[in-house]
Amino acid sequence: LCRRYGLWFRLRKLILWLLGMYIAIPFLVKLCPAIQAKLVFLNFVRVPYFIDLKRPQDQGLNHTCNYYLQPEEDVTIGVWHTVPAALWKNARGKDQLWFEEALGSSHPVILYLHGNAGTRGGDHRVELYKVLSSLGYHVVTFDYRGWGDSIGSPSERGMTYDALHVFDWIKARSGDNPVYIWGHSLGTGVATNLVRRLCERETPPDALILESPFTNIREEARSHPFSIYRYFPGFDWFFLDPITTSGIKFANDENVKYISCSLLILHAEDDPVVPFHLGKKLYNIAATSRSFRDYKVQFVPFHTDLGYRHKYIYRSPELPRILR
């Protein structure tokens, strides 16, 4: 009897502790908005661990060069440049200058903007670079300030400025070759920020590709299946307002109203991270926007049975046809 009572006492104590933590966390987030910003960026999650980002060849990218660029003082970002598979043999043993000059070869370029967490060396990202390289594209990708081995503090403004810097760096070397912007997940927010800015200065990219996009960060946070506080009283005040206070908006739904280039949206119906309906909603906003009246806007869904979820659309055998 004493043993049973002791077990019940410990269980009750644990339940009360968990309940206390559950109630305390919203107040903690409200008092310290930086916590919520870290949960949006997840830049401290560096999966896979123990990889040397200076050595992309360790990830099977034998035709990739690692660079470091400096968008601003005290900010350094790590960049990978994968050449088209057709240049693979020529690329062996070549230095950074050769890779930079190769951007001027007659191949289109994709600037890839990754999502939160992990680095440019993430497994699904590396697999996509390989697919795009096999299709004849240069792929340039990088870690935003505060991610991977890039130096600086993360912010939406900083991430967008990093992307702008890399885009201009590419354009200075790529001649008349087409340059496309590809954003995935949180990277779609960076991508539309970037392309809106490029369109406003009248230097739009040749196309924008959004993989698993949301409408804006508030709607994404509210719809996120992993949000255990979704039905908590005052959810917006406790959790969403601190995101806005931190200067994080990633307003894809607003940005697409100012973008004038071809747009392709890719979204899997079984995406557990960014709900499919948000990608569809963004497409409906873009398709009716006057800024796209002279450009093609396309939405490509991937059926649940395919199992592509949030980050495996690169596996689609239809991808070469879709991109063409």
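Refer to the preceding data block for the structure.
Model, not experiment: these values are computed from the prediction.

1. What to know about empty space enclosed by the protein
(1) Moving on: Applying the stated criterion across every chain yields a total of 1 cavity of 30 Å³ or more.
(2) Moving on: When its volume is computed, the largest cavity comes out at roughly 50 Å³.
(3) Moving on: Taken together, Y112, H124, R125, L128, E211, K311, I313 and Y314 form the lining of the largest cavity.
(4) Moving on: The greatest single-element share of the lining of the largest cavity, amounting to 3 residues, is contributed by helix 5 (residues 123–134).
(5) Moving on: Of the residues in the lining of the largest cavity, the class split is 4 nonpolar, 1 polar and 3 charged.

2. Section: the sheet that holds strand 6 (residues 207–211)
(1) Moving on: Here we have 8 strands laid out as an open sheet, ordered 1-2-4-3-5-6-7-8, and mixed in their pairing. The open sheet has two free edges, formed respectively by strand 1 (64–72) and strand 8 (297–302), since each of these has just one partner strand. Recorded for the sheet is a direction-independent mean angle of 20° between the axes of neighbouring strands.
(2) Moving on: In this sheet, strand 6 lies alongside strand 5 (residues 179–184) in parallel orientation, the contact comprising 5 bridges. Following the sheet pairing, Y180 is matched in strand 6 by A207.
(3) Moving on: Strands strand 6, strand 7 (262–268) and strand 8 of the sheet are contacted by helix 11 (residues 276–287), whose axis makes an angle of about 165° with strand 8.

Rules of the game
Residues numbered from 1 in each chain as written. Predicted model: local features only at pLDDT ≥ 70, side-chain atom pairs only at ≥ 80, totals over all residues. Heavy atoms only, no water. 1 Å grid on protein atoms, 1.4 Å probe; cavity = no way out; pocket = protein on both sides within 12 Å on 5 of 7 lines; lining within 4 Å. Points joined across faces, edges and corners; volume = space filled by probe spheres on them. Helix = DSSP H or I, 4+ residues; strand = E, 2+ residues; numbered from the N terminus. Nonpolar A, V, L, I, M, F, W, Y, C, P; charged D, E, K, R; others polar. Pairing = 2+ DSSP bridges. Axes fitted to C-alpha atoms, helices over the stretch in contact; angles between N-to-C directions. Contact = heavy atoms within 4.5 Å.

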